[in-house]
Amino acid sequence: FVAVALLLQRWNDIADWLIEALFGDDVARRAFLALADTGGSLTAALEEADPEARELLERAAVADLEAEPFVEACNLIAASTRRELQRSARSGRPMEMDELREISEARRQLELLDDPTTAQDAAGVLLGWLEGRGEERV
């Protein structure tokens, strides 16, 4: 919810740090997609969104938040990375050496996400990794 509200309030500060794979909640994901598809236009997103996503967008449009866009994006990136790492661990299938290296690197980048001096680079690497993992499942 916070990320969607920040998209409405500070598009330029957060939009580049968000991808569909970050949204674990389906309604928030659909609201994000409506906003992303319309370049951040609330009016157009409300027309495009389904009723549940529209309701979330309406609430987000009037939310009074004191949040830092990059920090919130990093929170979503970290949560999504942890979900993806857990999904890989639970798969029960043997992993190729390349996949093991990627998972190890994702864990390392997750640690770097907590350090302000490395957070931007780590966020970029993790976004790419998450995007790739989502494409593999599709």
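Everything that follows concerns the structure shown earlier in this document.
Residues numbered from 1 in each chain as written. Predicted model: local features only at pLDDT ≥ 70, side-chain atom pairs only at ≥ 80, totals over all residues. Heavy atoms only, no water.

Describing helix H5 (residues 51-62)
Spelled out, the test is: A run of DSSP states H or I qualifies as a helix once it reaches four residues; a run of E qualifies as a strand once it reaches two. Both are numbered from the N-terminal end. Helix span, expected: 1.5 Å multiplied by one less than the number of residues in the helix. Any residue under 20% of the maximum accessible area for its type is buried, any over 50% is exposed, and the rest in between are partly exposed; the area is computed with a 1.4 Å probe on protein chains only. Starting at the helix axis, one direction is taken to each C-beta atom, and the arc is that of these directions. Note on contacts: a residue pair qualifies if any of its non-hydrogen atoms lie within 4.5 Å across the two residues. Any N or O atom pair separated by 3.5 Å or less is treated as a polar contact, with the protein-specific requirement of one donor-capable and one acceptor-capable atom, and with residues adjacent in sequence counted only for side-chain atom pairs.
Along its twelve residues, H5 runs 17 Å from first to last C-alpha, staying within 8% of the 16 Å computed at 1.5 Å per residue. The complete set of buried residues in H5 reads Ala-53, Leu-56, Leu-57 and Ala-60. In a view along the axis of H5, the buried residues occupy a sector of 100°, so they form one face of it. Opposite the buried face of H5, by more than 90 degrees, sit the exposed residues Pro-51 and Val-62. For H5, the elements touching its buried residues are helix H1 (2-9), helix H3 (26-37) and helix H4 (42-48). One side-chain oxygen of the residue at the start of H5 lies 3.1 Å from the amide nitrogen of Glu-52, identifying that residue as Asp-50.

Some remarks on the packing of aromatic side chains
By convention here, two paired aromatic rings are described through the distance between centres and the angle between planes. Selection criterion: Centres within 6.5 Å are what make two rings of Phe, Tyr or Trp a pair, Trp counting through its six-membered ring; a difference in plane orientation under 30 degrees is then read as stacked, over 60 as edge-to-face, and the rest as tilted.
Applying the stated criterion across every chain, the model contains two aromatic pairs. When the centroid spacing of 4.9 Å and the interplanar angle of 65° are considered together, the rings of Trp-17 and Phe-70 count as edge-to-face. Note that Trp-17 is positioned in the loop between helix H2 (11-14) and H3 and Phe-70 in helix H6 (residues 69-90), a separation of 53 residues in sequence. With relative accessibility at 22%, the residue Phe-70 sits in the partly exposed group. With a centroid separation of 4.7 Å and 20° between ring planes, the pair formed by Phe-23 and Phe-32 is classed as stacked. Residue classification places Phe-23 among the buried positions, given a relative accessible area of 9%.

Looking at the nonpolar core
Selection rule: As used in this record, nonpolar core signifies buried Ala, Val, Leu, Ile, Met, Phe, Trp, Tyr and Cys residues forming a set joined through side-chain atoms within 4.5 Å.
Membership of the largest hydrophobic core comes to 39 residues, with the highest contact counts inside it found for Val-4, Leu-18, Leu-22, Phe-23, Leu-57 and Leu-113. It is helix H8 (residues 119-137) that contributes the most residues to this core, six residues altogether. Contacts of Leu-57, omitting those with residues within four sequence positions, involve Val-4, Leu-8, Ala-31, Ala-34, Leu-35, Leu-42, Ala-45, Leu-46 and Ala-49.

Quick notes on the pattern of salt bridges
Here is the rule we go by: One side-chain nitrogen of Lys or Arg within 4 Å of one carboxyl oxygen of Asp or Glu is enough to make a salt bridge.
Summed over the entire model, instances satisfying the criterion amount to twelve salt bridges. Residues Arg-10 and Asp-13 are paired through a salt bridge, measuring 2.9 Å at the closest nitrogen-oxygen approach. By relative accessible area, which is 33% here, Arg-10 ends up partly exposed. Exposure remark for Asp-13: the relative accessible area of 38% places this residue in the partly exposed category. Among the ionic pairs, Asp-50 bridges to Arg-30, the shortest N-O distance being 2.6 Å. Within this pair, whereas Asp-50 is found in the loop between H4 and H5, its partner Arg-30 is found in helix H3, the two being separated by 20 residues in sequence. Linked by salt bridges that have partners in common, Glu-20, Asp-26, Arg-29, Arg-30, Asp-50 and Glu-52 make up one network.

Focus on the environment of Leu-18
You can see Leu-18 is positioned in the loop between H2 and H3. Separated by 67 residues in the primary sequence, Leu-18 and Leu-85 have C-alpha atoms spaced 19 Å apart. Beyond its immediate stretch of four places on either side in the chain, Leu-18 contacts Ala-3, Leu-7, Phe-23, Phe-32, Ala-73 and Leu-76.

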